Amino acid sequence: MAKNPEHRDLFSGALELMILHSLRLKPMHGYALAKHIKLVSDDLLQIEEGSLYPALQRMLKEGSLESEPGLSAKGRPTRIYRLTDAGIRRLEYEVSSFEKMLSGITRVLAVAEA
Amino acid sequence: MQWFKQLFTRGRRYDDLAISIKEHLEEKIEELMENGMSRESAERTARREFGNVTLIEEHSREIWGWPTLGSIWADVKFALRQLIHAPGFTATAVLTLSLGIAVNATMFSLVSAFLLPHLPGRNPQNVVVVSSVNPNQGDTNPVSAPNYLTWRADTRVFAGMAAVDEYRTASLTGQGQPESVNYAAVSPNYFNIFGVSPQLGRSFIAGEDQPGRDHVLILSHGLWEGRFGSDASIIGRKVRVDREDYLVVGVMGADFQLLGFTPQMWTPLVLSAADQIVAGRKQRFLYLFARLAPGVTLQQARAELTILAKRSQMDFPANERRWGAAVRALGDFLIHSFGIRTALAVLMTTVSFVLLIACANVAGLLLTRAAGRQKELAIRVSLGASRMRVVRQLLTEGLVIALLGGGVGLLLTYIGISLVRANLSFNEAISAVPVSLDIKVFLFVLGVSLVSATLSSLAPALKASHTDTNAGLKNESRTTSGGRSQSRLRAVLVGCEIALALFLLIGTSLLIRGIFLLDHQPLGFRTDHLLTGSVALDHTRYSDASHQLLFVRGLIRSLQQIPGVEDVAVASDLPATNPNTVPIQIEGEPKLPANEQRSALDAVVTADYLNAVGIPLLRGRTFTQRDDANAPRVVLVNDEFVRRYFERQDPLGKQIRPDKEGAASTWSEIVGVVSNVKSYSEETRVDPEVYESFLQRPVASFSLMLRSNVEPHSLIPALRHTIAKLDAELPLANVMSMDTVIKRQRNGNPLFIRLLGTFALLALILAAIGIYGLIAYSVSQRTHEIGIRIALGAGRSDILWMILRQGLRMAAIGSALGVAIALPLPKLFDSIFQGLHFGAPGLYVVVLAAILMVTIFATYVPARRATYVDPNAALRDQ
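Residues numbered from 1 in each chain as written. Chains lettered and ligands numbered in written order. Predicted model: local features only at pLDDT ≥ 70, side-chain atom pairs only at ≥ 80, totals over all residues. Heavy atoms only, no water.

(A) The arrangement of the overall build of chain B in detail. Tallying secondary structure elements over chain B gives 30 helices and 23 strands in all. Since a compact globule built from 878 residues should have a radius of gyration of about 29 Å, the 37 Å found for chain B marks it as more spread out than a globular shape. Along the first, second and third principal axes, the C-alpha atoms of chain B reach 120 × 85 × 55 Å. A burial count over chain B gives 50% of its 878 residues as buried. Once local pairs closer than 6 in sequence are excluded, the contacts in chain B between residues at least 24 apart make up 80%. About 40,800 Å² of surface is accessible on chain B, with carbon and sulfur atoms providing 58% of the total. Treating the 86 positive side-chain charges of chain B as one cloud and the 76 negative ones as another, the clouds have centres 7 Å apart. (Helix = DSSP H or I, 4+ residues; strand = E, 2+ residues; numbered from the N terminus. Rg over C-alpha atoms; globule rule 2.2 N^0.38 Å. Buried < 20%, exposed > 50% of the residue type's maximum accessible area, 1.4 Å probe, protein only. Contact = heavy atoms within 4.5 Å. Areas by Shrake-Rupley, 256 points an atom, 1.4 Å probe, with all protein chains shown as cover. Lys, Arg positive; Asp, Glu negative; His and termini not counted. Charge placed at Lys NZ, Arg CZ, Asp CG, Glu CD.)

If you want it as structure tokens, here you go:
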């Protein structure tokens with residue numbers, strides 16, 4: 001959901017895509033993931049931090065992620081999320097599907113005005 | 001299987017989620033504080049940037065698919081509101097279901113009372129019954145005294161064993177009219193086996209089973225209330241039993257009940273020397289109750305008893321050949337020996353069918369409703385409700401209806417159980433069983449409601465989950481393709497209902513007819529105007545044959561004086577009451593081995609028996625006063641005896657020898673042939689029968705018969721008076737007319753028939769409602785079409801016929817199916833109820849005609865309404 005009217009809504013599936021990719025780089029806990037996405041996207045994407053959690057749960061349910069006990073940055077117990085093998089496959093699929101969509105849109109936009 | 005695993009990890013998942021979110025917030029807050037914010041503003045900022053924590057947590061939980069308590073409650077409230085706004089629908093659905101649930105629960109209460117009987121005492125699951133087994137005679141036979149004593153001494157698997165002689169009768173005199181009571185003689189440790197103690201006084205103690213100390217008595221609660229007025233001071237008083245004084249030492253509580261055994265009092269069991277000798281092995285009369293030793297299983301007990309029985313077989317081959325031992329858990333044994341399972345199974349099956357029909361009706365109603373709500377559902381789906389949520393809401397509605405139906409059903413069940421209980425008085429043992437609305441019945445109602453909910457709402461819910469959003473949102477009330485498949489489904493439902501109803505009707509009519517014919521079969525003698533009673537001459541005063549004869553002679557003479565009495569007879573058994581069977585040896589025939597010997601029923605009768613009872617004499621003569629102890633032995637045989645054993649040769653003059661136990665057997669001459677009498681009023685078989693002369697072989701326990709020309713019951717006072725004059729302490733038992741005796745032998749049959757009839761009628765009514773509902777709805781859907789037809793010139797009768805045809809077609813298909821599945825019923829019943837024949841093709845026609853009439857009637861009402869459709873209004877109405 002956009003907070004800043006200048007930024008668009010994410011297309012559905014975008015959040016999952018980014019979570020999967022980020023967690024593939026490094027298994028993280030919830031807050032670290034939120035900070036990572038915010039940092040790396042240079043604040044271009046405005047995501048409500050909380051919206052990560054339903055997405056995380058959905059992927060847990062599907063089996064793309066698994067959660068294990070671990071410590072937060074402050075040394076307190078929390079859950080760490082990591083990708084499963086199924087998750088890796090899912091990520092590759094989503095990425096390729098996203099790239100197809102992107103290239104499709106790019107091609108349409110590349111048609112210059114006659 | 002994923003979801004199954006996930007079900008169990010739910011709690012943990014929710015916890016993990018909560019930890020994640022909490023830690024997320026804490027971390028953020030700490031970071032913000034490190035950057036200089038105060039705790040307060042850090043918290044506010046963190047929460048704001050997180051989003052609505054509660055909502056997010058709830059959404060995250062919902063991902064897992066399990067409804068939150070709040071959403072379930074919302075569904076329930078919504079369902080209730082919807083139902084209140086459709087009172088007609090709700091009332092019909094709830095009432096239909098409640099009827100189905102109520103009959104099932106009522107029958108279940110019977111089933112649970114008889115098949116899951118309440119067992120008395122402490123840890124009744126450790127109490128077992130040891131019985132004798134014989135391949136020809138089943139496995140719940142009592143045990144002989146010698147075996148009991150041997151096994152009791154040798155056994156190691158039981159913590160205690162007690163023997164009971166269950167079916168004794170004695171006369172209680174003094175303090176009111178002499179009364180004949182059933183009682184049981186038990187080992188002194190009998191009550192200890194069960195772990196029960198008397199409510200008043202004490203139980204028997206060791207040593208009271210020895211002669212001299214055995215004249216003690218424990219009363220049953222019923223006898224204590226009935227005869228002794230619940231007087232607590234009865235303990236320690238003496239009571240006269242069979243002309244001897246017995247001391248009352250205890251009174252049992254009302255809850256000591258064993259299914260099928262209804263003694264009114266208990267005395268100690270004395271096993272005399274005679275019981276213990278080898279000859280005593282032939283008398284099997286003791287029921288053995290034992291408690292398993294700690295740690296011993298039923299299997300181990302069975303194994304040991306098998307070994308002990310084999311030992312008896314080897315030691316006494318003459319008497320013990322082929323006799324084994326069986327050990328059964330108490331509850332199992334009681335049910336087995338009571339023999340009511342078949343009837344209960346039939347009743348339970350019948351009511352399940354009724355429930356199925358009821359559920360089909362409700363499913364049809366729900367389908368209709370769903371069709372009417374297509375638009376509403378489409379809107380909900382397009383606004384973002386998941387299909388799961390929609391289905392859940394419909395299932396909730398079905399559940400609410402079912403629970404309401406269950407609630408009303410519970411009330412109806414209470415009424416039903418009261419009605420049934422009032423009708424159980426035909427049999428002492430049966431009416432002693434407590435049938436009530438207990439926790440088991442309540443749980444059953446709950447379970448059945450849930451099952452009905454599932455059955456009824458499954459079809460509509462599934463259909464709704466495939467809602468075509470577009471079609472629903474468009475403003476069309478004409479049947480869309482979805483609507484057509486829905487009405488087809490409904491037609492299928494009603495067709496199935498009709499098939500089920502037909503099947504049920506055929507089944508119940510076959511049973512009702514068969515049992516009714518059995519109850520009213522001609523028995524071979526005159527049952528009207530015949531007063532009967534039974535007398536047991538006790539040993540004390542009538543110690544031998546001459547005393548017994550003297551009494552009987554005097555009795556018959558006195559009874560003949562009673563005004564209104566035409567004939568008087570005395571016999572060892574009343575006719576058609578299953579007399580004993582004895583082996584018969586026919587002169588001139590070789591002696592056959594034991595299990596191939598000829599046998600016949602045996603009764604001892606006085607001279608006027610044939611006249612009094614109304615059995616025609618076919619050949620020869622009947623007994624006279626001259627056929628006494630000094631004359632040559634004579635017997636009468638029945639026609640079946642001649643047919644079976646003499647193959648139509650003349651039997652008169654031939655000699656036969658009935659081998660009765662406990663009496664000398666002598667050769668007797670056949671002097672007459674009498675007409676057949678059914679062996680038992682509730683069975684169709686006719687067995688060969690031999691009648692002996694009372695004067696030649698008197699018995700101590702017999703029945704009197706008085707043929708009267710007035711109403712038999714009016715003679716009862718005179719009868720009692722006559723007996724009292726001859727012997728004031730001799731009780732007269734079972735005084736009733738022969739018609740009453742026969743009626744009693746019908747036992748539960750009349751109730752069984754009435755129940756079956758009720759269920760069949762209910763099924764028919766429910767099916768009729770189903771047909772009516774379907775046709776009425778179909779008419780309302782076709783109003784547009786009917787309007788066009790009328791506008792184009794169709795007459796009233798054309799429309800009527802069109803609708804009628806629709807109903808008849810559906811009934812035809814349903815009936816064909818129903819008849820097909822009902823075809824094997826006669827054979828099935830023949831095999832279940834041995835000896836009866838259920839084939840009755842005429843019944844099929846009758847039942848089909850009934851269904852036809854019901855269909856026509858149920859269809860006619862909406863059809864008639866259809867003819868009054870105003871074409872203008874119909875065409876206008878989109």
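(B) Spotlight on the environment of B:Leu99. Residue and element names in this part refer to chain B. Structurally, leucine 99 can be placed in helix H5 (residues 87–115). Separated by 611 residues in the primary sequence, leucine 99 and valine 710 have C-alpha atoms spaced 47 Å apart. Setting aside its immediate chain neighbours within four residues, leucine 99 contacts Leu412 and Leu762.

(C) Here's a closer look at the packing of helix H6 (residues 145–154) of chain B against helix H10 (residues 298–315) of chain B. Residue and element names in this part refer to chain B. For the pair H6 and H10, the least separation of the axes is 11 Å and the interaxial angle reads 130°. Here H6 lies oblique to H10, going by the angle between them. Here H6 runs over H10; the crossing is right-handed. Contact residues: Asn147, Trp151 and Asp154 in H6; Glu304, Leu305, Leu308, Ala309, Arg311 and Ser312 in H10. When its residues are assigned to classes, the contact of H6 with H10 shows four nonpolar, two polar and three charged. (Axes fitted to C-alpha atoms, helices over the stretch in contact; angles between N-to-C directions. Parallel < 35°, antiparallel > 145°, perpendicular 65-115°, else oblique. Left-handed = near helix turned anticlockwise from the far one by under 90°. Nonpolar A, V, L, I, M, F, W, Y, C, P; charged D, E, K, R; others polar.)

(D) Quick look at the interface of chain A and chain B. Residue-level contacts link 25 residues of chain A with 24 residues of chain B. Summing the contributions of chain A and of chain B, the shared interface buries around 2,300 Å²; its carbon and sulfur component is 49%. Three residues, A:Tyr31, A:Tyr53 and A:Lys61, lead the burial of chain A against chain B; their summed loss comes to 28% of the area buried on that side. On inspection of chain A and its partner chain B, the count reaches seven salt bridges. As a salt-bridge pair, B:Glu31 and A:Lys35 come within 2.5 Å of each other at their nearest N and O atoms. (Buried area = accessible area lost by both parts, 1.4 Å probe. Salt bridge = Lys/Arg side-chain N within 4 Å of Asp/Glu carboxyl O.)

(E) Summary view of the nonpolar core. Counting residues in each nonpolar core, the largest one holds 126 residues, and the members touching the most others are B:Tyr190, B:Trp266 and B:Phe289. For this core, the leading source of residues is helix H25 (residues 749–781) of chain B, giving 17 residues. Setting aside its immediate chain neighbours within four residues, B:Trp266 contacts B:Ala184, B:Val186, B:Tyr190, B:Phe191, B:Phe204, B:Val216, B:Leu217, B:Ile218, B:Leu219, B:Ser220, B:Met252 and B:Phe256. Core analysis: the second largest hydrophobic core is formed by 33 residues, A:Met59, A:Leu60, A:Leu65 and B:Ile56 among them. (Core = buried A, V, L, I, M, F, W, Y, C linked by side-chain atoms within 4.5 Å.)

(F) How the structure looks around unusual backbone geometry. Residues and elements named next belong to chain B. Its identity as a non-glycine residue notwithstanding, serine 230 has a phi of 55°, on the positive side. Structurally, serine 230 is set in the loop between helix H8 (221–226) and strand S8 (238–241). With phi around 60°, alanine 576 is a residue other than glycine that occupies positive phi space. Tracing the chain through its elements places alanine 576 in the loop between strand S14 (565–571) and strand S15 (581–586).

(G) View of the pairing of strand S19 (residues 655–658) of chain B. Residues and elements named next belong to chain B. The side-chain alternation of S19 yields one buried face, formed by Ile656 and Pro658, and one unburied face, formed by Gln655 and Arg657. Strand direction decides the pairing type here: S15 and S19, joined by three bridges, are antiparallel. From the neighbouring strand, isoleucine 586 faces S19, where its bridge partner is isoleucine 656. Where S19 meets strand S20 (residues 668–674), two bridges bridge the pair, whose relative direction is antiparallel. Opposite isoleucine 656, over in S20, you have serine 668 as the bridge partner. (Pairing = 2+ DSSP bridges.)

(H) The arrangement of the state of the cysteines in detail. By the definition in use, this model includes zero disulfides over all chains. This cysteine, B:Cys359, is not joined by any disulfide, and B:Cys496 carries the nearest cysteine sulfur, 13 Å off. (Disulfide = S-S within 2.5 Å.)

(I) View of the side chain of B:Thr396. Residue and element names in this part refer to chain B. Structurally, the position occupied by threonine 396 is in helix H15 (residues 387–422). Threonine 396 sits in the buried class, given a relative accessible area of 11%. When near neighbours in sequence (up to four residues on either side) are disregarded, threonine 396 contacts Asp75 and Val76.

(J) Layout of a nonpolar patch on the surface. Residue and element names in this part refer to chain B. Together, Leu399, Leu403, Ile439, Phe442, Leu443, Leu446 and Leu450 give the surface a local cluster of nonpolar side chains, amounting to about 620 Å² of exposed area. For the nonpolar patch, the secondary structure elements donating two or more residues are H15 and helix H17 (439–465). Along the chain, phenylalanine 442 falls in helix H17. (Patch = residues over 30% accessible without salt bridge, like charges linked within 9 Å, V, L, I, M, F, W, Y side chains within 5 Å.)

(K) Quick peek at the pattern of salt bridges. Residues and elements named next belong to chain B. In the structure shown here, the tally under the stated rule is 39 salt bridges over all chains. The shortest N-O distance in the salt bridge between arginine 240 and aspartate 245 comes to 3.7 Å. With a relative accessible area of 29%, arginine 240 lands in the partly exposed category. For aspartate 245, a relative accessible area of 41% translates into the label partly exposed. When salt bridges that share partners are traced, they join Arg240, Arg243, Asp245, Arg541, Asp727 and Glu729 into one network.

(L) Representation of the sheet that holds strand S3 (residues 77–83) of chain A. All names here are of chain A. The strand order S1-S3-S2 describes an open sheet built from three strands, whose pairing is antiparallel. Edge positions in the open sheet fall to strand S1 (28–29) and strand S2 (65–71), since each of these has one partner strand only. Here S2 pairs with S3 via seven bridges, running antiparallel. Residue serine 67 lies in a different strand from S3, and its bridge partner there is tyrosine 81. Taken strand by strand, helix H1 (residues 14–25) contacts S1, S2 and S3, and its axis lies near 100° from that of S3. Those strands touched by helix H3 (residues 52–62) are S2 and S3, and its axis lies near 120° from that of S2.

(M) Structural detail: the environment of B:Glu179. Residue and element names in this part refer to chain B. Mapped onto the elements of the fold, glutamate 179 is located in strand S5 (residues 179–186). Residue glutamate 179 is classed as partly exposed on the basis of its relative accessible area of 25%. Considering only alpha carbons, one finds glutamate 179 and alanine 733, 554 residues apart in sequence, at a separation of 7.3 Å. Excluding residues that lie within four positions of it along the chain, glutamate 179 makes contacts with Ala170, Ser171, Leu172, Leu223, Arg227, Gln264 and Pro731. Engagement of the side chain of glutamate 179 in a polar contact is seen with the side chain of arginine 227, the distance being 2.7 Å. (Polar contact = N/O pair within 3.5 Å; in protein donor to acceptor, adjacent residues only side chain to side chain.)

(N) Molecular detail of helix H2 (residues 39–50) of chain B. All names here are of chain B. Helix length check: H2 (12 residues) gives 16 Å between terminal C-alpha atoms against 16 Å at 1.5 Å per residue, within 8%. Taken together, the buried positions of H2 are occupied by Ala42, Thr45, Ala46 and Phe50. Summarising the axial view, the buried residues of H2 lie within an arc of 130°, below the 170-degree limit, and thus occupy one face. Across from the buried face of H2, at angles greater than 90 degrees, the exposed residues are Glu40, Arg44 and Arg48. Where H2 ends, the next residue or the one after it, glycine 51, has phi of about 115°, a positive value. (Expected span 1.5 Å × (residues − 1). Arc of directions from axis to C-beta.)

(O) The environment of A:Leu20, seen in detail. Residue and element names in this part refer to chain A. Looking at the element boundaries, leucine 20 is found in helix H1. Residues leucine 20 and leucine 109, spaced 89 residues apart in sequence, show a C-alpha to C-alpha distance of 28 Å. Beyond its immediate chain neighbours, meaning those up to four positions away, leucine 20 contacts Met59, Ser64, Leu65, Leu83, Gly87, Arg90 and Leu91.

(P) Fine view of the confidence of the model for chain B. Per-residue pLDDT for chain B has a mean of 86; in total, 95% of the residues score no lower than 70. The ipTM, which scores confidence in the relative placement of chains, is 0.86 for this predicted complex, and the corresponding pTM is 0.74. (pLDDT = per-residue confidence, 0-100.)

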